[in-house]
Structures are given as C-alpha cells and as structure tokens.
Amino acid sequence: MADKTANAMWGGRFAFGPDAVMEAINASIGFDQRLAAQDIAGSRAHAAMLAAVGILSDRDAEAIREGLLAVMSEIEGGTFRFSTALEDIHMNVESRLGELIGEPAKRLHTARSRNDQVAVDFRLWVRDQCDAAEGALVALQRALLGQAERGADWVMPGFTHLQSAQPVTWGHHMMAYVEMLGRDRGRFADARRRMNESPLGAAALAGTSFPIDRERTARELGFDRPMANSLDAVSDRDFALEFLSAASLCAMHLSRLAEELVIWSTAQFRFVRLSDRFSTGSSIMPQKRNPDAAELVRAKTGRVFGASVALLTIMKGLPLAYSKDMQEDKEQVFDAADSLMLALAATTGMMEDLQPDPERMRAAAGAGFATATDLADWLVRAKGMPFREAHHVTGALVALAETKGVDLSDLSLGEMREVHDGITDDVFAVLGVDNSVRSRTSFGGTAPERVREQVARWREMLG
C-alpha cells in the first residue's frame with residue numbers, strides 16, 4: 001500500500017492511498033520540481049496579498065514568507081527531499097513548509113487551488129524561457145555579425161536547388177541567418193507579451209468568494225494584468241504552445257544552418273573548418289573530422305517539433321476547465337526548451353570558432369557559369385535587348401562554353417560575336433565573380449557595401 005502521507009494532505013475524503021501504479025501515473029514531482037522557484041514566488045505573492053486584504057495575519061504571512069525562503073534554500077542547496085507520495089512540487093513545498101513553521105502553513109492555500117497554482121507556475125517558467133531564448137539568440141546573432149563583417153567581400157557560390165546559381169558574398173549569406181533569428185526573437189517577444197497575464201486567483205475554475213486582490217499578485221509577479229476569465233485562466237496552455245511554435249521555427253532555422261555547416265565542411269566543399277571543440281574523430285578512420293555538433297543541432301529539431309505536436313494533441317479534445325491530461329504538458333515543454341537552448345549554445349560556439357576558406361569559396365563561385373545572369377542583365381542594359389531574348393542569347397553562350405570546356409569569361413570576343421554580333425569588349429567587365437557581387441547594390445543585395453550597411457544596422461539594434 002502506498003504511503004498514506006499523501007492522503008493527509010487531501011483530508012478525509014479517501015480512506016486509503018492509491019496503489020503503486022496509481023501513484024506512479026499520478027505523480028509529477030519527477031519533472032515538475034523544475035517549477036520550484038516559480039511555485040515559491042507565486043506562494044509568496046499570494047501570502048503577501050492575503051495579509052494585505054486581511055485574510056491572513058501579518059504574523060502568519062511573515063512566518064510563511066520566512067518558511068518559503070528556507071524551503072527554497074534547501075532546494076537550491078540540494079538537501080530538499082522530494083517525495084513521490086506527495087505527487088507534485090506544490091504539495092512537496094507545502095508539506096515541508098508545514099514541517100518548518102507549523103499551523104500558518106495550513107493557511108497558505110486559502111483562496112487558491114492547485115489549478116491556478118500550477119497555471120501561474122508554468123506560465124512564469126515559460127516566460128523565463130522566452131527571456132532565455134532572447135538572450136541566446138542575441139549571442140548567436142553577434143557571432144554571425146562577426147562572420148559577416150569579416151567576410152563582407154569574400155565571394156562564394158549562391159545556390160538554388162543546391163546548384164550553383166549566382167555569386168554572393170559570405171557576409172551576405174551570414175546576414176540571411178541574422179534576419180531569420182531576428183524574426184525568431186520577435187516571435188518569442190510576442191509570445192511573452194501575450195502570455196504575461198496572471199491566472200493566480202482564478203482558484204479551481206470559478207474564482208473565489210474571498211476578497212482577494214488579483215491586481216496586486218499580478219504586479220508582484222511581473223504580469224501586466226490578471227486573466228479576465230477564471231475558466232480560461234486554469235485551462236489555457238496557449239502560452240506553452242506559442243513558446244513551442246516559436247521554438248520550432250527557431251530550431252528549424254538552426255537546423256538549416258547546421259546542414260550548411262555539414263555540407264561546407266566536407267572534403268568535396270571545404271568552404272569551412274569547424275574547430276576541434278565542435279568536431280570529433282572516427283573510431284576507425286583516422287582521416288575523418290566529423291561535424292557532430294552541427295549534426296546534433298540538426299537532430300534536436302525533431303525533439304522540438306515533437307513536443308509541439310504532442311502538446312497540441314493533448315489539448316485538442318479537452319473540455320473546460322482543468323483535466324488531468326494537462327499534467328502531460330510540462331515534460332514536453334521542458335525537453336523542447338532544453339534542446340533549443342543547447343542547440344543555440346552549440347551553434348553560437350561553432351560560428352564563433354568557424355574558419356571559412358575564402359580562396360576555396362571564391363574558386364567555387366565561378367563554377368557552373370554563375371555569372372550567366374550578369375551577362376543576360378548586361379545585354380538588357382547595354383543593348384536594350386528584351387530579357388527573354390537576352391536569356392536565349394546567354395543560354396547559347398553557356399552551351400558554347402560548355403562544349404569548349406571553359407567558363408563564360410574564357411570565351412573570346414569573336415566566339416561570343418558568333419552567337420550575337422552586338423556583343424562588345426565591355427561584356428568582360430560583368431563576367432568576373434567580383435564584378436558580379438559588386439553590381440548587386442539593390443537594397444538587400446549581396447554587394448559588400450550593402451552587407452556592411454546591414455551589419456551596422458543590426459549592431460545598432462542589438463546595442
């Protein structure tokens with residue numbers, strides 16, 4: 001038979017404790033102990049409010065405050081004993097508080113339910129994770145800005161379909177990820193703003209008859225306001241789903257960058273070299289240098305995506321207000337947050353240490369007739385040719401160069417004039433990869449001057 005101490009917390013409704021299976025499926029302390037700091041913060045705010053409105057004496061409120069600080073000290077010091085029999089972090093804290101301060105601990109739960117208690121704890125924890133993600137994203141953006149500034153003039157192939165398309169600069173490529181991560185930061189900030197309402201005081205589902213001050217507890221916990229509907233307050237998990245949605249998009253961006261690092265570090269590309277800190281060797285092949293950190297960043301994405309789908313599935317069929325199904329919300333979010341933060345830290349480290357090979361990238365940039373579009377554009381600008389006709393002429397010149405086994409810039413003027421007699425010597429000014437990237441001066445383009453402008457803009461925004 002299970003430990004009956006759990007029943008003492010519940011009162012006299014049940015004569016016997018749950019059996020071992022029920023205890024195992026019902027307990028959440030194995031994972032929700034991560035909410036300890038948030039749970040104690042919520043309880044302190046609640047106790048202070050109860051005293052302020054006259055529900056709790058100042059003496060009892062002070063005993064509770066001191067007792068909660070002592071409990072938090074034990075948890076932080078690793079001496080707190082978590083009990084599965086007490087089910088969750090809330091009951092564990094309250095039980096220990098009773099051992100420390102006695103009778104006043106029993107008054108703490110006045111005008112409160114575990115439903116609004118867990119809702120506020122979890123919301124506070126997810127809010128903290130939004131802030132942590134923001135800080136980690138800024139660090140990664142700074143690492144990317146460093147790479148972009150350093151390589152604003154380095155020419156590399158730009159790809160579509162993973163085929164060489166047009167030359168771009170290394171700095172331009174890095175800045176693309178800065179922009180992506182900027183949107184990620186915006187999504188976390190937006191989710192944080194929307195979740196910043198307090199469910200505390202909603203009680204079980206219908207509010208309470210006690211004259212509580214929900215505005216006070218909301219302010220104390222850093223919320224903008226209390227939630228306006230008690231049913232919604234205890235049953236809402238949109239805030240966790242929004243966090244997971246933002247985390248999923250962010251993880252997807254990290255995975256795309258990781259994939260490029262994996263490709264670029266191969267012997268076939270050799271565009272970059274990952275540092276020893278983020279590479280491993282092979283157990284059998286001494287020549288191997290494996291981009292394990294990048295591969296694991298790529299793989300962590302699946303865990304984040306899975307958490308989002310899992311919580312959506314948990315919530316999709318639940319009637320209002322609280323159902324025990326919602327206990328399954330936290331492990332998914334905890335794991336996704338851990339995975340995302342680890343992926344962000346690893347990606348930041350890789351980008352800070354990354355050693356690009358400008359010469360190797362430049363050599364590859366001219367392959368595959370990457371300046372064909374520049375030739376077509378020149379025919380439009382210099383010869384007034386309709387673009388479709390210029391496209392056709394350029395295609396014929398590419399075919400000629402391919403037949404001869406040379407690049408476009410290696411064709412002689414005479415050979416070019418055989419395809420179109422209006423071509424002049426001026427065409428060679430646009431065929432080099434350096435000329436190509438310098439010419440892309442439109443806003444958002446790859447020209448080094450545009451890249452440096454964007455780097456400066458982002459540095460100013462990041463402060």
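Model, not experiment: these values are computed from the prediction. (Residues numbered from 1 in each chain as written. Predicted model: local features only at pLDDT ≥ 70, side-chain atom pairs only at ≥ 80, totals over all residues. Heavy atoms only, no water.)

(A) Local environment of the nonpolar core. Ranked by size, the top nonpolar core spans 95 residues in total, and within it L144, W170, F188, L254, W264, V333 and M351 carry the most contacts. Excluding its chain neighbours within four sequence positions, the residues that come into contact with M351 are L140, A143, L144, Q147, M174, L257 and L261. Of all hydrophobic cores here, the second largest spans 19 residues; its members include A376, A390, V398 and L408. (Core = buried A, V, L, I, M, F, W, Y, C linked by side-chain atoms within 4.5 Å. Buried < 20%, exposed > 50% of the residue type's maximum accessible area, 1.4 Å probe, protein only. Contact = heavy atoms within 4.5 Å.)

(B) The packing of aromatic side chains, seen in detail. Scanning all chains against the criterion turns up 8 aromatic pairs. Residues W170 and W264 carry aromatic rings whose centres are separated by 5.4 Å and whose planes lie at 50 degrees to one another, so their mutual orientation is tilted. In this pair, W170 sits in helix α8 (residues 170–195) while W264 sits in helix α11 (residues 238–264), placing the two residues 94 residues apart along the sequence. Here W170 matches W264 in class, with each residue buried. (Phe/Tyr/Trp six-rings, centres within 6.5 Å; stacked < 30°, edge-to-face > 60°. Helix = DSSP H or I, 4+ residues; strand = E, 2+ residues; numbered from the N terminus.)

(C) Spotlight on the UniProt feature "domain: Argininosuccinate lyase C-terminal" (unreviewed entry) in the protein chain. In the UniProt entry, the feature "domain: Argininosuccinate lyase C-terminal" (unreviewed entry) is given for residues 369–437. End-to-end, the C-alpha atoms of residues 369–437 are 14 Å apart, and along that stretch the chain is 61% helix and 0% strand. (UniProt positions renumbered as here; feature names shortened; annotations may be inferred.)

(D) Molecular detail of helix α4 (residues 36–52). Helix length check: α4, at 17 residues, gives a terminal C-alpha distance of 24 Å against a target of 24 Å (1.5 Å per residue), a fit within 8%. Turning to α4, its buried residues are A36, Q38, D39, I40, G42, S43, A45, H46, A47, M49, L50 and A51. Lining the buried residues of α4 we find α3 (29–32), α5 (58–77), α6 (89–101), α7 (114–150) and α9 (214–220). One or two positions beyond α4, positive phi appears at G54, with a value near 85 degrees. (Expected span 1.5 Å × (residues − 1).)

(E) Fine view of the side chain of T217. Take T217: it is sitting in helix α9. According to the relative accessible area criterion, T217 is buried, its value standing at 2%. Setting aside its immediate chain neighbours within four residues, T217 contacts A45, H46, M49 and L200.

(F) Representation of α7. With 37 residues, α7 should reach 54 Å at 1.5 Å per residue; the first-to-last C-alpha distance of 54 Å fits that figure. In terms of burial, α7 is a largely internal element, 27 of the 37 residues being buried. The N-terminus of α7 is capped by S113, whose side-chain oxygen sits 2.9 Å from the backbone nitrogen of N115. (Polar contact = N/O pair within 3.5 Å; in protein donor to acceptor, adjacent residues only side chain to side chain.)

(G) Examining the pattern of salt bridges more closely. Applying the stated criterion across every chain, the model contains 31 salt bridges. The salt bridge involving R107 is made with D60; its shortest N-O contact spans 3.2 Å. Of this pair, R107 sits in the loop between α6 and α7 while D60 sits in helix α5, and the two are 47 residues apart along the sequence. Using a relative accessible area of 39% as the deciding quantity, one classes R107 as partly exposed. Look at D60 and you get buried, because its relative accessible area is 16%. (Salt bridge = Lys/Arg side-chain N within 4 Å of Asp/Glu carboxyl O.)

(H) Seen up close, the environment of A176. On the secondary structure map, A176 appears in helix α8. On the basis of relative accessible area, A176 is assigned to the partly exposed category, the value being 34%.

(I) Region of the structure containing the packing of α8 against α11. Two elements in contact, α8 and α11, have axes separated by 8 Å at closest approach and are oriented at 165 degrees. What the angle tells us is that α8 and α11 run roughly antiparallel. Here α8 runs over α11; the crossing is left-handed. Residue composition of the contact of α8 with α11, grouped by class: 17 nonpolar, 2 polar and 7 charged. (Axes fitted to C-alpha atoms, helices over the stretch in contact; angles between N-to-C directions. Parallel < 35°, antiparallel > 145°, perpendicular 65-115°, else oblique. Left-handed = near helix turned anticlockwise from the far one by under 90°. Nonpolar A, V, L, I, M, F, W, Y, C, P; charged D, E, K, R; others polar.)

(J) Main features of unusual backbone geometry. Geometrically, the link from L320 to A321 is a cis peptide bond, its omega value of 10 degrees lying close to zero. You can see A321 is positioned in the loop between α12 (292–315) and α13 (329–353). You will see that R270, though not glycine, has its phi angle at about 55 degrees, which is positive. The exposure class assigned to R270 is partly exposed, which follows from its relative accessible area of 44%.

(K) Examining the pairing of strand β2 (residues 163–169) more closely. By the bridge criterion, 6 bridges tie strand β1 (residues 155–160) to β2 in an arrangement that is antiparallel. Within the sheet, the bridge partner assigned to P157 lies in β2 and is P167. Two successive antiparallel strands, β1 and β2, enclose a turn made up of 2 residues, where H161 displays a positive phi of approximately 60 degrees. (Pairing = 2+ DSSP bridges.)

(L) Region of interest: the packing of α7 against α11. Interaxial distance between α7 and α11 falls to 10 Å at its minimum, and their mutual angle equals 20 degrees. The orientation of α7 with respect to α11, classified from their angle, is roughly parallel. You can see that α7 and α11 cross each other, and the crossing is left-handed. For the pair formed by α7 and α11, the contact residues are A119, F122, R123, V126, Q129, C130, L137, L140 and L144 on the first element and F239, A240, F243, C250, L254 and L257 on the second. Of the residues belonging to the contact of α7 with α11, the class tally is 13 nonpolar, 1 polar and 1 charged.

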